[in-house]
Amino acid sequence: MLTRKSFRVFSWVLLLATFVTALVIGIVDRSDIQTSADRAAGLASTIACPQCSGQPVSESNAPIAEVIRAEIKNQVDSGLTDGEIRAFYRTKYGDWVDLNPGNDGIEMLVWVSPFLIAGVALGGMALAFSRRRDADTDNELSDESRERVQELRATYESGESNRGQNE
Amino acid sequence: MTPLKWLITVIALLSVGFIVILTVQNQQKNPPNFDLVGQLTPEIEGVTASGEFIDLGQILQQNRSKPPSGQTWVAVNFFASWCSGCITEHADLLRFHEEGVISSGGEQCPTQLLGVTFNDTKSAVEDFFVQFGGDWPVLVGPETNQIALDFSVLTAPETFLIAPSGLVVLKVIGPVGYEKLAEVVSC
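Residues numbered from 1 in each chain as written. Chains lettered and ligands numbered in written order. Predicted model: local features only at pLDDT ≥ 70, side-chain atom pairs only at ≥ 80, totals over all residues. Heavy atoms only, no water.

Colleague: Teacher, can you tell me more about the overall build of chain A here?
Modeller: What chain A contains, in helices and strands, is six helices and zero strands. The secondary structure elements of chain A, listed N-terminal to C-terminal, are α-α-α-α-α-α. Across the 167 residues of chain A, 21% fall into the buried class. Carbon and sulfur atoms make up 59% of the accessible area of chain A, which totals about 11,800 Å². (Helix = DSSP H or I, 4+ residues; strand = E, 2+ residues; numbered from the N terminus. Buried < 20%, exposed > 50% of the residue type's maximum accessible area, 1.4 Å probe, protein only. Areas by Shrake-Rupley, 256 points an atom, 1.4 Å probe, with all protein chains shown as cover.)

This is the structure in structure tokens:
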């Protein structure tokens, strides 16, 4: 039989395990089990059409988007890595066509900040809960107050019994 | 202020700072080569609609063994049968192809017009030339995609003039005029 405390610990461990598992699955490179068409489609959805305003080539009907889609497929088939393909389009049309932010310099903030903000938020929640628990603990009555409550209760109960006898 | 309010303030400041940084930072680590002028031309290799193999590098290599007056200037024109600008410029390209360019000294400067199809099919291109005339070499096929991207082409028509040395000396986005090409060519 689980005690309340051990159940709470178990819940936190389970939550942490789920989070770590999801993180690992998200991080592990699954390109080896993708078909070349999947890879090409994935790249096309994260490379902007140079003639459009931020629209990925996968969603654009502009002629240059069609050219880039065809060429991405060709580049994937010829064995170029995703990084090499992205670098090619950044060189030809500028960094802005790569809709995936980089993992260095200031663009690294895009990846780091969610964890940073989540960490600060969780810390804040933990602090808030611990303060509330402390506040609950501090709510115990002083001896003086307890005596006063007992007096009032006694007065009330005697009043109730007198009323019962009169009726 | 309570610690919780401090934390909320920090999160809010971090978020706002992050958005501001992303908004104002526009420095590019890899400047694009939109403007190829002054740079060496990318390679052009491919098969024309008539089945002829064209290699720009070979033309430029041959220039090295010729006197300046005999060296060939190459105009590379990206076009498509579906583009109205391509119809607009066609007469000027036809003139460039047929007349070439006469230098200020009265000499005929060797020129070569080379078409590269942009997102178009061979049959449509052949119909286009039947309708509007012209018989200069036009590259067709899937290789033209790579060539267009190497030249950072956005849409058709775009024209690049390549000096005998291999340097790109002119880039025209949109319909090109004969005079525009002729005023740059010299020999």
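Colleague: Just to check I follow, could you spell out the state of the cysteines for this structure?
Modeller: Here is the idea: a disulfide is a covalent bond, and it sits between the sulfur atoms of two cysteines. Tallying each qualifying case throughout the model produces three disulfides over all chains. Each sulfur in the disulfide pair cysteine 49 of chain A and cysteine 52 of chain A lies 2.4 Å from the other. Taking the sign of the S-S torsion, 60 degrees for the link of cysteine 49 of chain A and cysteine 52 of chain A, the bridge is right-handed. For the pair cysteine 49 of chain A and cysteine 52 of chain A, a shared accessibility class is recorded, and that class is buried. Between cysteine 83 of chain B and cysteine 86 of chain B runs a disulfide, and the two sulfur atoms are separated by 1.9 Å. Sign of the S-S torsion, about 100 degrees for the bond between cysteine 83 of chain B and cysteine 86 of chain B, identifies this disulfide as right-handed. (Disulfide = S-S within 2.5 Å.)

Colleague: In this structure, what is going on with the interface of chain A and chain B? I would like to understand it.
Modeller: Reports often express the size of an interface as the amount of accessible area lost when the parts come together. Of the residues lining the interface, 33 residues belong to chain A; the matching set on chain B comes to 30 residues. Roughly 2,700 Å² of surface becomes buried between chain A and chain B when both sides are summed, with 65% attributable to carbon and sulfur atoms. Of all residues in chain A, the largest losses of buried area upon contact with chain B belong to Val67, Lys92 and Tyr93 of chain A, amounting jointly to 20% of the total for that side. Joining chain A to chain B, the criterion identifies one salt bridge. One salt bridge connects aspartate 150 of chain B with lysine 92 of chain A, and the closest N-O pair in it is separated by 3.8 Å. (Contact = heavy atoms within 4.5 Å. Buried area = accessible area lost by both parts, 1.4 Å probe. Salt bridge = Lys/Arg side-chain N within 4 Å of Asp/Glu carboxyl O.)

Colleague: Help me out: how do you make sense of the pairing of strand E6 (residues 111-117) of chain B in this one?
Modeller: Every other side chain in a regular strand lies on the same face of the sheet, so the side chains alternate between the two faces. Residue and element names in this part refer to chain B. The buried fraction of E6 amounts to five of the seven residues, a majority that puts the element mostly inside the structure. Of the pairings in the sheet, the one linking E6 to strand E7 (residues 138-139) comprises two bridges and is parallel in character. From the neighbouring strand, glycine 115 faces E7, where its bridge partner is valine 138. A crossover links E6 with its parallel partner E7, the connecting element being helix H4 (residues 122-132), and its sense is right-handed. (Pairing = 2+ DSSP bridges. Right-handed = clockwise from strand over helix to strand, strands pointing away.)

Colleague: Help me understand the environment of glutamate 66 of chain A in this model?
Modeller: Looking at the element boundaries, glutamate 66 of chain A is found in helix H3 (residues 63-77). Each C-alpha atom of the pair glutamate 66 of chain A and methionine 125 of chain A lies 49 Å from the other, and the pair is 59 residues apart in sequence. Those residues within four positions of glutamate 66 of chain A in sequence are excluded, and the remaining contacts are Asn61 of chain A together with Asn119 of chain B.

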